[in-house]
Amino acid sequence: MSNQTQTVRDGFSSRLGIIAAAAGSAIGLGNIWKFPYITGENGGAAFILVYLFCIALIGVPVMLSEFVIGRRAQKDAVGSFKTLAPGTPWFFTGWLGITAAFIILSFYGVVAGWTLHYLYLAISGGLQGLSAEQLGAVFGGFISNPWQPIFWQVLFMAATIAVVLGGIKNGIERYSKILMPLLLVILVILAIRSVTLDGAKQGMQFLFSPDFSKLNVEAILAALGHAFFSLSLGMGAMITYGSYIQKKENLGATALQVSIADTAIALIAGLAIFPAVFAFGIEPSAGPGLVFITLPNVFGQMAFGSVFAILFFALLAVAAITSAISILEVVVAYLDDEFSWSRTASTFTVGVAITIVGAILSQGNGSLADLKLPFLLNGELIGMNIFDWFITLSDQLLPIGGLAIALFAGWKMAKKDIADELSSSGLWKIAYLEIYRFTVRIIAPAAIAFVFLSSIFGLA
Ligand code: PFF
């Protein structure tokens, strides 16, 4: 029997705490590292528009569904489905989520480690006075080094494990509440500096004037996959967090606020990066190194640039940790709830296993760069290094999880249960109920299925 039935379930203590924790999960490397580089690879404004569509049409309703499922069931990602639909195979959705969590945290820890290394470089002055080209070489040299990325990844994972060991209220909530707003302030300052650089205009065009001829099916899948990644959806993170939200809280408002905050941060990160990309003559499609190459140039052009560099990389590391803990929490909550593991045992076991897989993945950028795994994209088998392979796999797993979650909330759960949960048993008005139901029953599943099938098999 789950220990949660005997003891009071740990939860978030305040309204601000929930928003901060859920936004802390959503806002992370996805917004500041991944969003800019995939926007760069996929041609800019048109890609961003598709991304915004995915957030509004699919992301927000799926987030709401995850909250509803988790809070209704008061369980982890797998247990929630077992509780709400006993004796059915729906719990596979939870398993898929556990798998996705494992895969995502493996590469997430590596990139978060890069951030720590750059924090170290910023503190030790190692980024100062370098040209764009030199900064590119620094990045390339670092990620292909066999040991350095592992060192920083292990450090980051140790910190993540330490926070998750502290439990929900003491660990996750306390850190998110103060540090996320500070990250926003720093980003806005960086965006202002970037936008006012000589030669920034082309970057603004890249961000704001869409060229739809650059859109292809892969770009649309990347936008969809990233909408899920960025909002922490499709793998039960928000189911797990939903189970910690107090009954009286307004889930609709929470989902909307978290999604808006997440999207705003990504767009501000775009504003901080693209004007500078063009001003310094960096390739927008430079790939995963884009932020690490571009922003040090911006710091170089600012008064107190080295202080900003330190603050920025420190806060990015914090944003990464508040996301990483939510990913680890998915697996930890599962083992605690379903198998009555102690929090210490589950956190250590899973944390260490993910760290080992991540350390191996990090070699995809260096000593194992020639090891290519096949991936089916657009009807073609493409060879990818193990690091990119895991990232691309997560772009596919999350929408599949999201599809199942939308179908579950739309077709399996009773309408009156949904209404009861969304309204906190009549406390809140839920004028949006019908439109929400229509979206999760029809629109979101159809859109996900279409994008997904066409991107894999190249139908469109
Ligand atoms: N949303 C996080 C980011 O944008 O960095 C990453 C993430 C967290 C993805 C939690 C998935 C998840 F369940």
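Refer to the structure presented above.
Residues numbered from 1 in each chain as written. Predicted model: local features only at pLDDT ≥ 70, side-chain atom pairs only at ≥ 80, totals over all residues. Heavy atoms only, no water.

K.L.:
Please clarify how the overall build of the protein chain should be interpreted in this entry.
P.N.:
Each helix and strand in the protein chain was counted, giving 18 helices and 2 strands. Radius of gyration (C-alpha) of the protein chain: 21 Å, near the 23 Å computed for a compact globule of 460 residues. With the C-alpha coordinates of the protein chain rotated into their principal frame, the extents come out at 60 × 45 × 45 Å. The burial tally for the protein chain puts 60% of its 460 residues in the buried class. Element-wise, carbon and sulfur atoms account for 68% of the exposed surface of the protein chain, whose accessible area totals about 17,100 Å². Computing the positive centroid from 23 side-chain charges and the negative centroid from 24, the protein chain places the two 11 Å apart. (Helix = DSSP H or I, 4+ residues; strand = E, 2+ residues; numbered from the N terminus. Rg over C-alpha atoms; globule rule 2.2 N^0.38 Å. Buried < 20%, exposed > 50% of the residue type's maximum accessible area, 1.4 Å probe, protein only. Areas by Shrake-Rupley, 256 points an atom, 1.4 Å probe, with all protein chains shown as cover. Lys, Arg positive; Asp, Glu negative; His and termini not counted. Charge placed at Lys NZ, Arg CZ, Asp CG, Glu CD.)

K.L.:
For this particular structure, what's the right way to read the pattern of salt bridges?
P.N.:
Throughout the structure, instances matching the rule amount to 12 salt bridges. A salt bridge links aspartate 395 to lysine 34, with the nearest nitrogen and oxygen atoms 3.0 Å apart. Of this pair, aspartate 395 sits in helix H16 (residues 386-412) while lysine 34 sits in helix H2 (residues 29-41), and the two are 361 residues apart along the sequence. A relative accessible area of 11% means that aspartate 395 is categorised as buried. (Salt bridge = Lys/Arg side-chain N within 4 Å of Asp/Glu carboxyl O.)

K.L.:
When you look at the pairing of strand S2 (residues 380-385) in this model, what are you seeing that I'm missing?
P.N.:
Both faces of the sheet carry side chains from a regular strand, because those side chains alternate between them. Bridge count between strand S1 (residues 372-377) and S2: 6 bridges; the pairing is antiparallel. Following the sheet pairing, leucine 377 is matched in S2 by glutamate 380. Here S1 folds back onto S2, and the loop between the two strands holds 2 residues, one of which, asparagine 378, carries a positive phi near 55°. (Pairing = 2+ DSSP bridges.)

K.L.:
In this structure, what is going on with the site of the ligand? I would like to understand it.
P.N.:
Taken together, the neighbourhood of the ligand is formed by 15 residues, with Ala26, Gly30, Tyr108, Phe229 and Met235 sitting nearest. Within the side chain of tyrosine 108, an N or O atom sits 2.4 Å from an oxygen atom of the ligand. Within the side chain of serine 232, a nitrogen or oxygen atom sits 3.0 Å from a nitrogen atom of the ligand. For the ligand, whose free accessible area comes to 340 Å², the fraction covered by protein is 100%. Here the shell around the ligand is composed, by residue class, of 7 nonpolar, 8 polar and no charged. (Near = heavy atom within 4 Å. Polar contact = N/O pair within 3.5 Å; in protein donor to acceptor, adjacent residues only side chain to side chain. Nonpolar A, V, L, I, M, F, W, Y, C, P; charged D, E, K, R; others polar.)

K.L.:
Can you walk me through the side chain of glutamine 153 in this structure?
P.N.:
Here glutamine 153 is to be found in helix H7 (residues 148-165). Aside from chain neighbours lying at most four places away, what touches glutamine 153 is Ser106, Gly109, Val110, Gly113, Ile354, Thr355, Gly358 and Ala359. (Contact = heavy atoms within 4.5 Å.)

K.L.:
What is the right way to look at a nonpolar patch on the surface in this model?
P.N.:
Together, Leu165, Phe348, Val352, Ile356 and Ile360 give the surface a local cluster of nonpolar side chains, amounting to about 430 Å² of exposed area. Counting residues per element, the nonpolar patch draws most heavily on helix H15 (residues 343-362), at 4 residues. Residue placement: isoleucine 360 occurs in helix H15. Relative accessible area serves as the criterion here: at 47%, isoleucine 360 is assigned to the partly exposed category. (Patch = residues over 30% accessible without salt bridge, like charges linked within 9 Å, V, L, I, M, F, W, Y side chains within 5 Å.)

K.L.:
What's the story with the environment of isoleucine 150 in this structure? I'm lost.
P.N.:
Structurally, the position occupied by isoleucine 150 is in helix H7. When the C-alpha positions of isoleucine 150 and asparagine 42 are compared, they lie 29 Å apart, and in sequence the two are 108 residues distant. Excluding residues that lie within four positions of it along the chain, isoleucine 150 makes contacts with Ala359, Ser362 and Gln363.

K.L.:
In this structure, what is going on with the environment of phenylalanine 308? I would like to understand it.
P.N.:
Among the secondary structure elements, phenylalanine 308 is positioned in helix H14 (residues 305-339). Of the residues examined, phenylalanine 308 reaches a relative accessible area of 17% and is grouped as buried. Separated by 262 residues in the primary sequence, phenylalanine 308 and alanine 46 place their C-alpha atoms 31 Å from one another.

K.L.:
Please explain the nonpolar core as it appears in this structure.
P.N.:
Looking at soluble globular proteins, one finds that nonpolar side chains tend to be buried together. Trp33, Trp114 and Phe312 are the most contacted members of the largest nonpolar core, which has 159 residues in total. Per element, the largest residue contribution to this core is 21 residues, and it comes from H14. Excluding residues that lie within four positions of it along the chain, phenylalanine 312 makes contacts with Ile32, Ile186, Leu187, Leu190, Val291, Leu295 and Phe299. (Core = buried A, V, L, I, M, F, W, Y, C linked by side-chain atoms within 4.5 Å.)

K.L.:
How should the packing of aromatic side chains be read in this particular structure?
P.N.:
Centre-to-centre distance and the angle between the planes together describe a pair of aromatic rings. Summed over the entire model, instances satisfying the criterion amount to 29 aromatic pairs. Aromatic side chains phenylalanine 312 and phenylalanine 313 sit 5.1 Å apart centroid to centroid with 70° between the ring planes, which places their arrangement in the edge-to-face category. The ring of phenylalanine 229 is capped by lysine 34, whose NZ or CZ atom sits 4.4 Å from the centre of that ring. Seen from the ring of phenylalanine 91, lysine 82 lies directly overhead, with NZ or CZ sitting 5.3 Å from the centre. (Phe/Tyr/Trp six-rings, centres within 6.5 Å; stacked < 30°, edge-to-face > 60°. Lys NZ or Arg CZ within 6 Å of the ring centre and 35° of its normal.)

K.L.:
Help me understand the side chain of threonine 355 in this model?
P.N.:
The topology assignment puts threonine 355 in helix H15. For threonine 355, a relative accessible area of 12% puts it in the buried group.

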